[in-house]
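# Observations on chain architecture
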Amino acid sequence: MPGVILPEVATEVPGPISKASAKQLHEVFDARAVHFVVDYDKSQGNYIVDVDGNRYLDVYSQIASVPVGYNNEAMLAAARSPDVISALVNRPAVGNFPSRRWNDILREGLLRVAPKGTDKIFTAQSGSEANELAFKASMMLWRRRERGEGVAWTTEEIESCLNNAKPGSPDLAVLSFRNSFHGRGFGSLSCTRSKAVHKLDIPAFNWPMADFPALKYPLERHVEENTAEEKRCLEQVEQLITSWHCPVTALIVEPVQSEGGDNHASPSFFQGLRDLTSKHNVVFIVDEVQTGFGATGKFWAHEHWNLTSGPDLVTFSKRAQCAGYFFGNDKLVPDTAYRQFNTWIGDPARVVMSKAIINEILEKNLVEKSAHVGEKLWAEFESLAKSFPERVQNLRGKNHGGFIAFDTQEPAVLVSKMRSLGINIGMCGKNSIRLRPMLIFGEEHIPILIGAFRKAFGSA
């Protein structure tokens, strides 16, 4: 492959320098989850380089949060821009003292790619915080409807909320799904249902959990069973909404349950959720933290669903390299100032950097590229599954760009083997491998990736 950079691994992974660096780091910072220590100055494009000099083709991309490559020139230029320098040096409290450029930065950046039906934004610090804020918005909307438009808060509400008591602190709920992941804050963690390590020892709200469809693969062989499974789950959702011990103000769902195992559902299932939330006045929150910004061959994954009416709130982070939520309903703006508020309301510098990412994606047609390359990559994985049916099971992610996953035996062993071959991949769920290539991942990288998998499977 002339002109193509190849991975190069000369040590064990992690290598001796990486191990020593992690050990030293662990004296002051919990480094038990470190895979290897990175030399970001030497990392470039699709390739990540560790401190031992090993170069890997990175199809995990910082847990799906690097869209346009390491040390991207446009990103470097944005980092040197007056807007970023000003935001870093002055760090505005944007709710009180926004920059004279803040309106333009939002309109020229994030709002250019606002999901259809939305024209407003609230910025946040992380995906977890974005979801927490979305929950708050839905709950304030619910109480506003109950109270009546323009009706003032009562003295009893004001005084009781300060004691965490009713009626000021009412019982309200958010419905989420089995195997979901929505973050690690108290509200978002109450909606996270994927792994005990996230939740153990942490108090949680008594909120409902519905089953997410457990589809059988390949899809074309299990149409009737999968249709029945999705129908069952929708019926369960409605039963929970109508019978829970307190009002369900919002339903939150990932287009693909990433942390929980890359679980998919059909567009008709998500249309069913939209119908149910509209029927019962429940705010429909789509968590696009991992799937947004072109990850699935559409700018927003929920575009695959062809909804008759869009989500009420769309949360985002990761590839955006900033965070927040989009919305369109004016009533989701709280009834008074300071109800959705914190000092920085996200990070203005990261919002400027996101603008540079958006420009790169749109100017270079990277979403379309991701969709095209994803088709080629899917075909190669279908071939791989035929060659190694015990190693590649329940292949999923067709027509979703590079957002491809499969189940396998001993996924941790496979990840380690692939890193020794110069490929950085990740796991999810109980026994799944997930790919998270960058939007700049090209057809020229496919033989490198598939060849490494064949070597790993062949030597197993």
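Quantities reported herein were computed from a predicted structural model and do not represent experimental measurements. (Residues numbered from 1 in each chain as written. Predicted model: local features only at pLDDT ≥ 70, side-chain atom pairs only at ≥ 80, totals over all residues. Heavy atoms only, no water.)

### Describing the sheet that holds strand β14 (residues 432–434)
Strands sit in the order β10-β11-β14-β13 across an open sheet of four strands; the sheet is antiparallel. On the outer flanks of this sheet lie β10 (393–396) and β13 (426–428), each paired with one strand and no other. For this sheet, the mean angle separating the axes of adjacent strands, direction not counted, is 25°. As paired strands, β13 and β14 are joined by three bridges and run antiparallel to one another. Pairing of M427 across the sheet is with I433, part of β14. (Pairing = 2+ DSSP bridges. Helix = DSSP H or I, 4+ residues; strand = E, 2+ residues; numbered from the N terminus. Axes fitted to C-alpha atoms, helices over the stretch in contact; angles between N-to-C directions.)

### A few points about the packing of aromatic side chains
Describing an aromatic ring pair means giving the distance of the ring centres and the angle of the ring planes. One pass over the full model with this rule turns up 24 aromatic pairs. Centre to centre, the rings of F293 and W300 are 5.7 Å apart; their planes meet at 90°, and the pair counts as edge-to-face. Across the pair, W300 and F293 agree in class, each one buried. Geometry around W344 places R91 over its ring, the cationic atom sitting 3.6 Å from the centre. Here the guanidinium or amino end of R436 rests over the ring plane of F403, the centre of that ring lying 3.6 Å away. (Phe/Tyr/Trp six-rings, centres within 6.5 Å; stacked < 30°, edge-to-face > 60°. Buried < 20%, exposed > 50% of the residue type's maximum accessible area, 1.4 Å probe, protein only. Lys NZ or Arg CZ within 6 Å of the ring centre and 35° of its normal.)

### Quick look at the layout of surface pockets
Of the pockets and cavities examined, the largest pocket occupies roughly 1,300 Å³. Looking at the largest pocket, it is lined by 47 residues, and the ones nearest its centre are H35, Y60, I63, E259 and R434. Looking at the lining of the largest pocket, the elements that each hand over two or more residues are α2 (61–64), α6 (127–147), α9 (196–199), α14 (411–420) and β13. The computed volume of the second largest pocket comes to approximately 990 Å³. The wall of the second largest pocket is formed by 35 residues, among which Y217, P218, L219, E220 and L395 lie closest to the centre. Listed by contribution, the elements that provide at least two residues to the lining of the second largest pocket are α10 (223–243), α11 (267–279), α13 (366–387) and β10. When its residues are assigned to classes, the lining of the second largest pocket shows 17 nonpolar, eleven polar and seven charged. (1 Å grid on protein atoms, 1.4 Å probe; cavity = no way out; pocket = protein on both sides within 12 Å on 5 of 7 lines; lining within 4 Å. Points joined across faces, edges and corners; volume = space filled by probe spheres on them. Nonpolar A, V, L, I, M, F, W, Y, C, P; charged D, E, K, R; others polar.)

Geometry only, nothing functional implied.
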